[in-house]
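# Observations on the three-dimensional arrangement
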Amino acid sequence: PVSTPTGRIKLMTPTEQGFQWLKERGFDAGSSDKVGGIQHQYWARRLREQFIKQEFSAELEVALGKNSAVDLVVSKGKKSVGVEVETGTNSYDQVTANIRKCLEHYGCAVSFILETNKAEKVRSLVEDERVAVVSTESQCIDSVIEFLNADKKGGRGARKPTDYPESVFGTSSSSLPRATRAAV
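A few points on the structure. Predicted, not measured: the structure shown is a model, and the values here were computed from it. (Residues numbered from 1 in each chain as written. Predicted model: local features only at pLDDT ≥ 70, side-chain atom pairs only at ≥ 80, totals over all residues. Heavy atoms only, no water.)

Bridging between strand S3 (residues 57-65) and strand S4 (residues 68-76) involves 7 bridges; their strand directions are antiparallel. Within S4, the position partnered with glycine 65 by the bridge is serine 68. Between S3 and S4, which pair antiparallel in sequence order, lie 2 residues; one of them, asparagine 67, sits at a positive phi of approximately 60°. In this sheet, strand S5 (residues 79-86) lies alongside S4 in antiparallel orientation, the contact comprising 5 bridges. Across the sheet, the residue bridging to lysine 76 is lysine 79, located in S5. Counted between consecutive antiparallel strands, the loop separating S4 from S5 contains 2 residues, among which glycine 77 sits at a positive phi close to 65°. (Pairing = 2+ DSSP bridges. Helix = DSSP H or I, 4+ residues; strand = E, 2+ residues; numbered from the N terminus.)

Scanning all chains against the criterion turns up 4 salt bridges. One salt bridge in this structure joins glutamate 137 and arginine 46, with 2.7 Å as the shortest N-O distance. In this pair, glutamate 137 is assigned in helix H5 (residues 137-149) and arginine 46 in helix H2 (residues 38-53), connecting sequence segments 91 residues apart. Between lysine 101 and glutamate 84 there is a salt bridge; the shortest N-O distance is 3.6 Å. Of this pair, lysine 101 sits in helix H3 (residues 92-106) while glutamate 84 sits in strand S5; the two residues are 17 residues apart in sequence, bridging distant segments of the chain. (Salt bridge = Lys/Arg side-chain N within 4 Å of Asp/Glu carboxyl O.)

Any functional reading would require information that these geometric values do not contain.
Here's what the structure looks like:
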């Protein structure tokens, strides 16, 4: 079940045999090898729909290069924001790598982390006005719109991703301080 602002819903996906059955009957149901799990897909698509309703351009799984993509890119004019949906299964290292790739390509990032405790921990470690770490759909939408409406890309006094110490954007959790490794 997935918690939403109005309640909980149950998401179901066909088995590989189910996808094959649908394909044989002319339905384009995709396949079971889509990026992320069903909860991840649900939130990425739901956010995309919300932004399109508000007349923003929104694209899912935007490729950045070999084996790298951003879950959702929302644009208004020439400004874009990278949005990463985190369902709680990614490690701290992967969450911060996702934030970094959005910063490097779009100058700002919104990390929508469905687990409130994990969002709070990441938020306390990544303090940058170009990054919004949020745990609700409305916070995610508001943060993206705020970035898109900002006067200049990245805001005032924004730091480059390379300005972060290894303890924030290290390649492994072993580079984090001991208390951080235990908490994450």
